[in-house]
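# Structural description and commentary
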Amino acid sequence: MTQHDSPSLPAHRPGASTQAPEAPDDTSPSCTTRPWMPALLYTLGFLTVYLLAICTPWGQRAENPWFYLGIQGGEAAWIYPLSGSVYGSTPLPPLELSAKPTVMAGLAVIVLLTLVRRCWRQGFAALGVAILAIGAKEVFKSTVPRPDLVGAPENLLDQGFPSGHTVIPAALTLAAVLVVSPRIRPYVATAGVLWLACIAAATATMGGHRPSEVLGATLLACACYGLATWLLPPAAAPGATRSPRALHVIALALALIVALVSGARPDTLTRSLVSAATAFICAALVWYAAVGRPAHTARRTRPALD
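A quick note: this is a predicted structure, and the numbers were derived from the prediction, not measured.

## A word on the overall build of the chain
Per the secondary structure count, the chain includes 11 helices and 0 strands. Order of helices (α) and strands (β) in the chain, N terminus to C terminus: α-α-α-α-α-α-α-α-α-α-α. For the chain, the residues scored as buried account for 48% of the 306 residues in total. A fraction of 81% describes how many contacts in the chain between residues 6 or more apart in sequence connect residues 24 or more apart. Roughly 15,500 Å² of accessible area belongs to the chain as shown, and the carbon and sulfur atoms make up 68% of that amount.

## Let's talk about a nonpolar patch on the surface
On the surface, Trp36, Met37, Leu40, Leu41, Leu44, Leu47, Leu51, Leu132, Leu227, Trp230 and Leu231 cluster together to form a nonpolar patch covering roughly 1,000 Å² of accessible area. Those elements that place two or more of their residues in the nonpolar patch are helix H3 (37–54) and helix H9 (211–231). Ranked by the residues each element gives to the nonpolar patch, the list is headed by H3, at 6 residues. Tracing the backbone through its elements, the reader meets Leu51 in helix H3.

## Regarding the environment of Val129
Of note, Val129 is situated in helix H6 (residues 120–143). We classify Val129 as buried; its relative accessible area is 1%. Sequence-wise, Val129 and Ala223 are 94 residues apart; in three dimensions their C-alpha atoms are separated by 9.0 Å. Beyond its immediate stretch of four places on either side in the chain, Val129 contacts Ala171, Leu174, Ala175, Leu178, Cys224, Tyr225 and Ala228.

## Overview of the pattern of salt bridges
Where side chains of opposite charge bring their charged atoms close, a pairing between them can arise. If you walk through the whole model with that rule in mind, you get 3 salt bridges. For Glu138, the salt bridge goes to Lys137, with nearest N and O atoms at 2.2 Å. A relative accessible area of 45% means that Glu138 is categorised as partly exposed. When its relative accessible area of 7% is taken as the criterion, Lys137 is described as buried. A salt bridge links Glu213 to Arg210; the nearest nitrogen and oxygen atoms lie 2.9 Å apart. The exposure classification of Glu213 matches that of Arg210, with both residues buried.

Criteria and cut-off values
- All residue numbers refer to position in the chain's written sequence, counted from 1.
- For a predicted model such as this one, the threshold for reporting local features is a pLDDT of at least 70, and the threshold for listing and counting side-chain atom pairs is 80 or more; totals across whole chains, interfaces and linings nevertheless cover every residue.
- Only hydrogens and water are set aside when side-chain values are computed; all heavy atoms of the structure are taken into account.
- We count a stretch as a helix when DSSP gives it H or I for four or more residues in a row; a strand needs E for two or more, and each element gets its number in order from the N terminus.
- Three exposure classes are used, based on accessible area relative to the maximum for each residue type with a 1.4 Å probe and protein chains only: buried under 20%, partly exposed in between, and exposed over 50%.
- Throughout, a contact is declared for two residues whenever any of their heavy atoms are within 4.5 Å.
- Only the protein chains shown count as cover for residues, with accessible areas throughout obtained via the Shrake-Rupley method and a probe of 1.4 Å.
- Each patch is built from residues lacking any salt bridge and having more than 30% relative accessible area; the joining distance is 9 Å for like charges and 5 Å for nonpolar side chains (Val, Leu, Ile, Met, Phe, Trp, Tyr).
- Each reported salt bridge corresponds to a side-chain nitrogen of Lys or Arg within 4 Å of a carboxyl oxygen of Asp or Glu.

Next comes the structure, spelled out in structure tokens:
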């Protein structure tokens, strides 16, 4: 009897049972960490915003009066002195003439981080996100016309979908989180969404773009990011990002504050609040794409302890 019982003893060693169910760390991504569904959803969201806001009469009627709320122009906005519109002032990147230098500087930082960390695949993916998002914006604006369905004034017929000033901080933020260390990824994403919230609110409240154009630019950047991470091989795809739970609340709360301040105008409360709400939604979309969804996946796939 003892000869048949002895082989079963090693299967009940406590050391083996406690070490087996350990969850993978941030550097061991899974094939299911970055599914294809987010890229599809962001793309469908981009097309839906365009079709509803640009290609329907009621969508155009809802947004065309946007430029006539309050004093025309951006002079009444609190952030106007930082816009670069004032003669001799320095614009807040990427507003006014700082757009191209901001893009070039962002691409240079991505290349430098790629060389330092030697994350070649992530670096190429990050460059692809930035170049594809900004390039797609240019192609879309130049090839897809804005139909006049409501007899709008001629100055409202220029195609501004999606917003070029908004797609730059969104794309560069999502590109940066691909090449930085997983430990600092949530903090880089936090800085990026605050930058995006500021630019998106400023662009909308000063009359440079309609809210749909700002939202469309963010969805376009998120779609490019989702596509890039889906195409990455499992060994190079970003793993689950573990960040303090409080950071999610802090980052989004700060983004809301920045959006409210950047979109504030003393002449119209409606324009101020809609600009801030649009900017906050943009910041939340980028945060969810870069940090929120991986962190949720890590908690969902963690095995239960016996």
